[in-house]
Every structure is written in C-alpha cells, then in structure tokens.
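Take a look at the letters that make up each chain.
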Number of protein chains: 2
Amino acid sequence: MPIRVLHVGLGPIGCGIVRQVAARKGFKPVGGVDIDPGKVGRDLGEVAGTGRGLGVKVSAHVEKAIKASKPDVAVLCTSSSLKTVMPQIELLLKAKLPIVSTTEELAYPVGANARLAKRIHQAALKAKKAVLGTGVNPGFTMDALPIMLTAACERVEAIRVERVQDARIRRLPFQRKIGAGLSRDEFEARVQQGSVRHVGLAESVRMIADAFGWKLDKVTDVIAPRIAQAPVASEFLSVAAGRVCGIVQDGTGYRDGTPVIVLHMEAYLGAPETYDAVKITGSPALQMKVAGGVHGDIATAAIAVNSIPKVLKATPGLHTMRDLELPSFYGG
Amino acid sequence: MPIRVLHVGLGPIGCGIVRQVAARKGFKPVGGVDIDPGKVGRDLGEVAGTGRGLGVKVSAHVEKAIKASKPDVAVLCTSSSLKTVMPQIELLLKAKLPIVSTTEELAYPVGANARLAKRIHQAALKAKKAVLGTGVNPGFTMDALPIMLTAACERVEAIRVERVQDARIRRLPFQRKIGAGLSRDEFEARVQQGSVRHVGLAESVRMIADAFGWKLDKVTDVIAPRIAQAPVASEFLSVAAGRVCGIVQDGTGYRDGTPVIVLHMEAYLGAPETYDAVKITGSPALQMKVAGGVHGDIATAAIAVNSIPKVLKATPGLHTMRDLELPSFYGG
C-alpha cells in the first residue's frame, strides 16, 4: 500500500514534491490544497506538471481536502515563516495528520520561534503524530550533512561550510530572491524588508552547536550583495556590470568570542563553480566536497519525500533532522 | 558528571578509545579489561599510552572490573567476529550495561550473524539497555555517510563508494592485515585462511540496500592482491617489486542481475592519493569526496566515543547507525 500524501501549498517546491510523490514507488498524491484561485478546482497533476492527470482536484480548504482524500501524511510547503504556518500546522494536527514541512524556520526553531515550536510539540503529542521541518538548506547541506561528518572526529575546533551556486541554472523566483538585477540601493532596501535573503542560517548554526553540545555567545547572519564585474545573464534575467548579480550571506556562531561555526553562502549569476563543501578544523581535520553541489529544488523536494516514511515511524512530537533516524533515499 | 566508561579489549583500537575518553570532556575511563598477561595489573593509562596514570588497574575479569568501577557504559573492542564476542556481550548485558562495540560483524549483522543479532536484541531488551556496533568502516565511510547523501535524491539507480588509502601512514598490524610484503601465493593462502581481508563490506552493502528498501539477489565480496610495480616501503615494511603491497576488495550488491551497490576498497603501500568518495547515479547525480580520506584508527575510536551519549539515550535493544539519531561529534 502506497503512502497517501496530502499536498498543502502548491508553489514551486510543493509542486516539485507532487511530481516526485506521483512518480515514486511507495507514495500516492491523494489531495492538494492551495489558496491561489488560478489553481483551485484544477487537477493536481496539471497544476504540478506531472504530465498526467491525477484524478484529484485542488481544493481551497484543508479540512475538505482531508475528508475527501483520507491521507496518511501532509506535506506543508506554504511559507518560510513559522508564524505564518502555525495555524496550518495546528489544523493538520487537529485532524491527526503527521506533517513534513519545508518551512525553513521549522527546520530548527530558534529565537522567538522556539516558543511556537513548543506549542507544535504539545499539539503533536496530543495528536500522537510526528512533525518534521526539513529541506536541502536548512535541513541538510549546511547542517545535517556537516554534523554527520564530525562523527569521525575526536576533536572539533571549528567548522566551515560553503555553499556556492551559479544561480543561472536556478528558477526565476530564486534569482529574484537573491536580488539579481537590482542596484546596490535596491538590494539593501530588499534586505531591510526581508525579501532578499536566505532563511535558515541561524537555524543551521544552532543545530550544529547543539549537536556538539556547544554553548554559543552570539549568532550573526550578514547579507551582502555580489556585484557583477561584467555583464551576465541567465535564461530569465540580464545583469549589467556594476549591478547586483546575487547574494553573499554568512551565518556565524561565536564561542568565547571566536567564530567557530561559519556557514558561507554565495549564490549569484556566473559563479564559476557550484559546490557544497565542509571543512572541519580538528582531529582528524576533514574536508568534504560535493562537486556540482546539491541541487536546491530537486533536493528539497527529495528530502521532504524521503523523510515521509521516517516521520510515519517516529515517536509523536516535533522532530528535527538531528533526532530522526539516519536520512536516506527511500525506494518504496 | 562525566560518563563512566569501562574499556573491554585493549588492542590498538581499544587503547585509542581509552586515550580519547581520558582526554575528552564529558567522559571518564573507569575500568579496563584485557586477557593479555602483559597488560593485566598495569595502569590503564600506561597500557593505553595516555601519557598519565589513570589510577585504574587493567583487570582480566569483566565482572570484577564492573564491580570495582561502576561504569555507565562498556566499550567492547576484542574481535571483528560476532561469534567470538557473543559471550562478552551477554555478560555485559547481564550486568545491565549499554554497549558500544567496534566488532565489525555487529555493525549490521548479516547471514548467520543475523541469528546472533536477534539473541543480542532479546538480551538487550531484557536488560533494558541499548547496544550498537560501529566504527569508521563498517559503520560510517562506506555505509552511513553514503546513505545520508542519498537523502537528497529523488531517484537512486546505483551507488559506488571508493575508499582508497596509502597504507604507508597506517600502523603495522594494518599493513599486515592487507598482506603487504607477501608473495602472491602467500597472499592467496592468507585470504583463504581469512587473515588477510577487510571485514564489513557485506554488512555495508546490506545496510545501504535496506535503507533504500532494495531487495538484492546476491552480495559478493572479492579480494585481490595489489602487486608493487616498483619497490615501496613504509616505516615498518619494505616490499620488492612483484610482491604484494596491499589489497583491493570489492563488495557488490546485485539487483535483478545488475551491480547497483559497489563498495571499492584499495589499501596499499604507495597509493598516490588517499580519499573517500561516493558517486550516486540517479537524480540528482551526486559526487562527494573527502580528500585525504577519513583516518581509520582515530575515526573508528572517535565514532565509538561519539556514539556513547546516543546509545545512552536510545531505546533498549540492538541498534545500528541507520536507526540511531544523526551521528555527530560530541563536545561534552
């Protein structure tokens, strides 16, 4: 019997997950929910671009979709913000559904979100179901994978993670999110608004620190523009020299005043090399590199789908990638 | 309060673990057991080379050592063979001690060992304690770490793991274990005896297949000598051209007649590059490399020590690296 999946949120990531759930062994998309009137009432497969009808109409109402589809699990992909998705999570737990969410702030709730996380944990205990926030970043490349590598170390003094991407191969919303095409001033304004940034570095820093048992004095998250030295273009955008072609963002965790966890991201049109790398200063010193990087959209969808069977097996409550069983591909 | 550790088995790996437990925050070596009359009665720190006395005498008797030291956990490093360590594991569980063992065949018990594993699981349930077999290989570089990487994939068609080591930097017993210095005939005879081989490839192949939910038709484990093309020497050994300088070993899992899991090891004096690499054929295709490799002895000891707090938290029973929480360095 395949696992019956309800898809809540049909943006690019949500639709990517529908496509995988439809194509992969062991899963079946049984319901879809979105608020976009352009999607409601249409076939879920058509909306998600699966290449075939799924015989399921996209609904505007979570409760109705649950009743109609009898899902085993909900995949929630509506927002990066934990505050925004709180009512949705509470609704799904009320219906006693386990949840896998790509909400970045749920991957490892920090700061004000820690209180919301406690509420989710309590609601999940009451529902006797498990909840997980995950994705490629946060959730994998800049936290879970580097954490895993340190298991081979008798001593870790510092860890540096680099995620460098040539944004030309990414979709337009991603290119917009990194500020490609803006002037310096426009970039700064968007950073102030919060519309240009990667969400999750503070979460990843804390996940690493907690795994090691490190107390941090301070966590910083600093965003800078990358300025095009020469004109550069993608399929969607052209950027003149002197304008912003992307973002450089550093999440840093300090211990006794020293930066011991550095998460360095560069995503810009024309980056000469795309890769993920981890450098551990310690014993043994270790360096790992994923040449070509871990593709953001496919991987985020894959990690969410691969996590479904693990969440179904997990104890009730809110989990993170740190305490669930070892992440892995699931072949049905 | 540091975790009180009883060390059973004081060979190279066992002593490496004592050194880490003595040096690392959060742990304390409180007892040591070995059958070697040259070690019994001496200070554990002296035997293990910690550079200082630990005020603990090595005992020949597990029960006496437990009574004298009141440990929280036992680390067992006496043999690669599960059959050999069975009575030791049963004794430790009778004393209600959780166990972390570097016994290769316990990392993921296969074949005839699966029955022994069931017995251990039952005894661990009865004792209400957790048991784990782990190490760098099996337990990490050729199974848990590659499995982890596949979490980013929506499809895995095949996985190839390479572990290539210049054995010149390893200790003498390791150089002997890979047959360095033997003639071709001597090498073949030692392979037949079982004294020249890496233990754990079949275990790692099965761990990967089970993580993916793959049924395999066949698992093979093939050992070949690496012949020195030119004279090569380590600190301990000289090998003439035409003689064996090390081992090439392949563990292969077949699915529908196709080799889908290939674990390729090369360990020989003079390997031009030492590295661990993973290549995933699928979507996305992924390539990961740890340049310089993950050092065998330090890492095996580190993984064992880092696993201790996880085993203390785990549910009763026999665990593997697949079902415990995410492996990580533990900083006390």
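Each value, and the rule that gives it
Residues numbered from 1 in each chain as written. Chains lettered and ligands numbered in written order. Predicted model: local features only at pLDDT ≥ 70, side-chain atom pairs only at ≥ 80, totals over all residues. Helix = DSSP H or I, 4+ residues; strand = E, 2+ residues; numbered from the N terminus. Rg over C-alpha atoms; globule rule 2.2 N^0.38 Å. Buried ≥ 20, exposed ≤ 12 C-beta atoms within 10 Å, placed from the backbone. Contact = placed C-beta atoms within 7 Å. Least-squares fit on C-alpha atoms with pLDDT ≥ 70 in both. Pairing = 2+ DSSP bridges. Axes fitted to C-alpha atoms, helices over the stretch in contact; angles between N-to-C directions. Nonpolar A, V, L, I, M, F, W, Y, C, P; charged D, E, K, R; others polar. Expected span 1.5 Å × (residues − 1). Domains from an automatic or database assignment. Parallel < 35°, antiparallel > 145°, perpendicular 65-115°, else oblique. Bend = angle between axes of the 7 residues up to and from the residue.

What to know about the overall build of chain A
Here's step 1: From N to C terminus, chain A includes 10 helices and 15 strands.
Here's step 2: Here the C-alpha atoms of chain A give a radius of gyration of 20 Å, agreeing with the 20 Å that 2.2 N^0.38 yields for 332 residues.
Here's step 3: The buried share among the 332 residues of chain A stands at 55%.
Here's step 4: In chain A, once contacts between residues fewer than 6 apart in sequence are set aside, the share between residues at least 24 apart is 71%.

A short note on the relation of the copies chain A and chain B
Here's step 1: Rotating chain A by 180 degrees and translating it 0.0 Å along the rotation axis places it on chain B, where the RMSD comes to 0.0 Å. In symmetry terms, the pair is related by a two-fold rotation axis.
Here's step 2: Interface overlap between copies: 100% of the residues of chain A at the interface are likewise at the interface in chain B, consistent with a symmetric, same-surface contact.

Concerning the sheet that holds strand β4 (residues 73-76) of chain A
Residue and element names in this part refer to chain A.
Here's step 1: Strand order in the open sheet made by the 7 strands is β3-β2-β1-β4-β5-β6-β15, with parallel pairing throughout. With partners counted over all chains shown, the strands left at the sheet margins are β3 (58-59) and β15 (317-319), one partner each.
Here's step 2: Summarising the sheet, strand β6 (residues 130-133) and β15 pair through 3 bridges and their orientation is parallel. Residue pairing across strands places Ala130 opposite Gly317, the latter belonging to β15.

Side note on the pairing of strand β12 (residues 258-268) of chain A
Residues and elements named next belong to chain A.
Here's step 1: Across 8 bridges, strand β7 (residues 155-166) lies against β12 in parallel orientation. Pairing of Asp166 across the sheet is with Tyr268, part of β12.
Here's step 2: The pairing of strand β11 (residues 244-255) with β12 spans 10 bridges and is antiparallel. Looking at β12, one finds that Tyr254 is bridged to Pro259.

Examining the sheet that holds strand β6 (residues 130-133) of chain B
Picture the strands of a sheet paired through backbone hydrogen bonds; they go either parallel or antiparallel.
Residue and element names in this part refer to chain B.
Here's step 1: Taken in spatial order, the 7 strands of this open sheet run β3-β2-β1-β4-β5-β6-β15, and their pairing is parallel. Strands with a single pairing partner mark the edges of an open sheet, and in this sheet they are β3 (58-59) and β15 (317-319).
Here's step 2: Contacts from helix α4 (residues 82-94) reach β1 (3-8), β4 (73-76), β5 (99-101) and β6, with the element oriented near 175 degrees to β4.
Here's step 3: Strands β6 and β15 of the sheet are contacted by helix α5 (residues 113-127), whose axis makes an angle of about 125 degrees with β15.

A word on the interface of chain A and chain B
Here's step 1: Contact with chain A, which involves 47 residues of that partner, is made by 47 residues of chain B.
Here's step 2: Elements with a contribution of two residues or more to the side of chain A that touches chain B: α6 (144-149), α9 (201-212), β14 (286-291) and α10 (296-313) of chain A.
Here's step 3: Residue contributions to the side of chain A that touches chain B peak at 7 residues, all from α10 of chain A.
Here's step 4: Across the side of chain A that touches chain B, the residue classes break down as 30 nonpolar, 11 polar and 6 charged.
Here's step 5: The pairing of β14 of chain A with strand β14 (residues 286-291) of chain B spans 3 bridges and is classified as antiparallel. Considered in β14 of chain B, the bridge of Met288 of chain A is made with Val290 of chain B.

Describing helix α1 (residues 12-23) of chain A
Residue and element names in this part refer to chain A.
Here's step 1: The end-to-end C-alpha distance of α1 is 17 Å, a good match for the 16 Å that 12 residues give at a rise of 1.5 Å each.
Here's step 2: Of all 12 residues that make up α1, 9 are buried, and the element is covered over most of its length.
Here's step 3: Listing the buried residues of α1 in full gives Ile13, Gly14, Cys15, Gly16, Ile17, Val18, Gln20, Val21 and Ala22.
Here's step 4: Those residues of α1 that are buried lie in contact with β1 (3-8), β2 (27-33), α2 (44-48), β4 and α10.

Considerations on the domain arrangement of chain A
Residues and elements named next belong to chain A.
Here's step 1: Domains assigned within chain A are domain 1 (3-135 + 298-319) and domain 2 (144-293).
Here's step 2: Relative placement of domain 1 and domain 2: their C-alpha centres are 27 Å apart.
Here's step 3: Every contact between the two is made by 7 residues of domain 1 and, on the other side, 9 residues of domain 2.
Here's step 4: For the side of domain 1 that touches domain 2, the per-class residue count stands at 4 nonpolar, 1 polar and 2 charged.

A look at the packing of α4 of chain B against α5 of chain B
Residue and element names in this part refer to chain B.
Here's step 1: Closest axis-to-axis distance for the α4/α5 pair is 10 Å, and the angle between their directions is 5 degrees. As far as their axial angle goes, α5 and α4 are roughly parallel. Of the residues in α5, those in contact with Leu82, Lys83, Met86, Ile89, Glu90 and Leu93 of α4 are Asn113, Leu116, Ile120, Ala123, Ala124 and Ala127.

A short note on unusual backbone geometry
Residue and element names in this part refer to chain A.
Here's step 1: Across the junction of Ser283 and Pro284, the peptide omega takes the value -10 degrees, indicating a cis bond.
Here's step 2: On the secondary structure map, Pro284 appears in the loop between β13 (275-283) and β14.
Here's step 3: Phi angles above zero are rare outside glycine, and Lys70 is one such case at about 45 degrees.
Here's step 4: Tracing the sequence through the fold places Lys70 in the loop between α3 (62-69) and β4.
Here's step 5: We note that Lys96 has phi near 60 degrees; this positive angle belongs to a residue other than glycine.
Here's step 6: Positionally, Lys96 belongs in the loop between α4 (82-94) and β5 (99-101).

Remarks on the environment of Gly53 of chain A
Residues and elements named next belong to chain A.
Here's step 1: Tracing the backbone shows Gly53 in the loop between α2 and β3.
Here's step 2: Its 11 C-beta neighbours within 10 Å are what place Gly53 among the exposed residues.
Here's step 3: Taking C-alpha positions, Gly53 is 43 Å from Arg243, a pair spaced 190 residues apart along the chain.
Here's step 4: The residues touching Gly53, leaving out its near neighbours within four places in the chain, are Asp43, Gly45 and Glu46.

Focus on α4 of chain B
All names here are of chain B.
Here's step 1: The terminal C-alpha atoms of α4, which comprises 13 residues, lie 17 Å apart, in line with the 18 Å expected from a rise of 1.5 Å per residue.
Here's step 2: Of all the bends in α4, the largest measures some 25 degrees and sits at Gln88.
Here's step 3: Listing the buried residues of α4 in full gives Leu82, Val85, Gln88, Ile89, Leu92 and Leu93.
Here's step 4: For α4, the secondary structure elements touched by its buried residues are β1, α3 (62-69), β4, β5, α5 and β6.
Here's step 5: Looking one or two residues past α4, Lys96 carries a phi angle of roughly 60 degrees, positive in sign.

Thoughts on the pairing of β14 of chain A
Residues and elements named next belong to chain A.
Here's step 1: In β14, alternate side chains face the same way, and those of Leu286, Met288 and Val290 are buried while those of Gln287, Lys289 and Ala291 on the opposite face are not.
Here's step 2: Judged from the 6 bridges that link them, β13 and β14 form a sheet pairing that is antiparallel. Bridging across to β14, Val278 finds its partner in Met288.
Here's step 3: Joining the antiparallel neighbours β13 and β14 is a turn of 2 residues.

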